[in-house]
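# Coordinate analysis (summary)
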Amino acid sequence: AINGSGSGDIPLGILNTSGIGAVALGANGAAATWAKIVELETAVHVANANGVRMGYLINAATRGHLKTTVKVSGQPQYLMGEDGRVNSYNTAVTNLVPSNLTKGSGSNLSAVVFGDFSQLIIGPWAFADLTIDRVTEGYHKFVINTFNDMGVRHAGAFAAIKDLVTA
């Protein structure tokens, strides 16, 4: 749902959906700034796609970067507050957000997604398959597979940075 290729049985993720807002940091990537964080939010609002489930989706490297990058030089405020929020928006952290992107000569760049996550639709299209393995090392092992697809209802509801330098 975040970074799918859209080929074969793999859904097209938010980052690869045509029409989402794009905020570039630099020719080879760059560190986050307060202005670029606000630009992400502005891209969604300009598309008239702001809603009630707005928030950020980042990886662990980005979390560390935002917690140590000052908002305004000389002030003890950081891009991510002590409450784990960015500009008062909820922020979720998962390493499914890529940290291995490239741009120009930049490598190991991270993505940041901002948007209205009520516009991300995940729906099952088949049954859930439950397998109980009673043999493996004397334990009961439950394996549950579900079959889902995803789509973005309104592309303008999301904006992304794909060239964040976190180190």
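Report follows, based on the coordinates. Being a predicted model, the structure only gives us computed values, none of them experimental. (Residues numbered from 1 in each chain as written. Predicted model: local features only at pLDDT ≥ 70, side-chain atom pairs only at ≥ 80, totals over all residues. Heavy atoms only, no water.)

### Concerning the side chain of Asp116
Our working rule: Secondary structure counts use DSSP, requiring at least four H or I residues in a row for a helix and at least two E residues in a row for a strand, with both numbered from the N terminus. Categorising residues by exposure relies on relative accessible area from a 1.4 Å probe, with only protein chains included: less than 20% of the type maximum marks a residue as buried, more than 50% marks it as exposed, and the intermediate range marks it as partly exposed. Charge assignment: positive for Lys and Arg, negative for Asp and Glu; neither His nor the chain ends contribute. Any carboxyl oxygen of Asp or Glu that lies within 4 Å of a side-chain nitrogen of Lys or Arg is treated as forming a salt bridge with it. Between N or O atoms, a polar contact is any pair within 3.5 Å; within protein, one atom must be a potential hydrogen donor and the other a potential acceptor, and residues adjacent in sequence are included only when both atoms are from side chains.
Inspection of the secondary structure puts Asp116 in strand β5 (residues 106–116). Buried and unpaired, Asp116 has Arg53 as its nearest opposite-charge partner, separated by 6.1 Å. A polar side-chain atom of Asp116 sits 3.4 Å from the main-chain amide nitrogen of Arg53.

### Comments concerning the nonpolar core
Note the cut-off: Put simply, buried Ala, Val, Leu, Ile, Met, Phe, Trp, Tyr and Cys residues joined by side-chain atoms within 4.5 Å make one nonpolar core. We call two residues in contact when some of their heavy atoms are within 4.5 Å.
Of all hydrophobic cores here, the largest spans 36 residues; its most connected members are Leu40, Tyr56, Leu66, Val112, Phe114, Phe158 and Ile161. Contributions of two or more residues to this core are made by α1 (34–46), β2 (54–58), β5 and β10 (158–164). With residues up to four places along the chain from it excluded, the contact list for Ile161 reads Val23, Leu25, Lys36, Leu40, Ser110, Ala111 and Val112.

### Things to note about the pairing of β10
Heads up, the rule is: Pairs of strands are assigned from DSSP output, requiring at least two bridges between the strands.
In terms of burial, β10 is largely enclosed, as 6 of its 7 residues are buried. Two strands pair when backbone bridges link them, and strand β1 (residues 21–23) and β10 are joined in this way by 3 bridges, in the parallel orientation. In the strand pairing of β10, Ala22 is matched with Ala160. Pairing of β5 with β10 involves 5 bridges; the strand directions are antiparallel. Across the sheet, Phe114 pairs through a bridge with Ala159, a residue of β10.

### A few points about the pattern of salt bridges
On inspection of all chains with the given rule, the structure shows 3 salt bridges. Residue Lys36 pairs with Glu39 through a salt bridge whose shortest N-O separation is 3.2 Å. With Lys36 and Glu39 both in helix α1 and 3 residues apart, this pair spans about one turn of that helix. The class for Lys36 is partly exposed, based on a relative accessible area of 22%. Residues Asp83 and Arg85 are paired through a salt bridge, measuring 4.0 Å at the closest nitrogen-oxygen approach.

### A look at the side chain of Thr69
With respect to the element layout, Thr69 can be found in the loop between α2 (60–68) and β3 (90–93). Accessibility expressed as a relative area gives 14% for Thr69, which makes it buried. In terms of polar contacts, Thr69 uses its side chain to reach the backbone carbonyl oxygen of His65, at 2.6 Å. Apart from residues no more than four positions distant in its own chain, Thr69 is found in contact with Ala32, Gln77, Tyr78 and Leu79.

Everything listed here is a matter of coordinates, which is why it stays silent on function.
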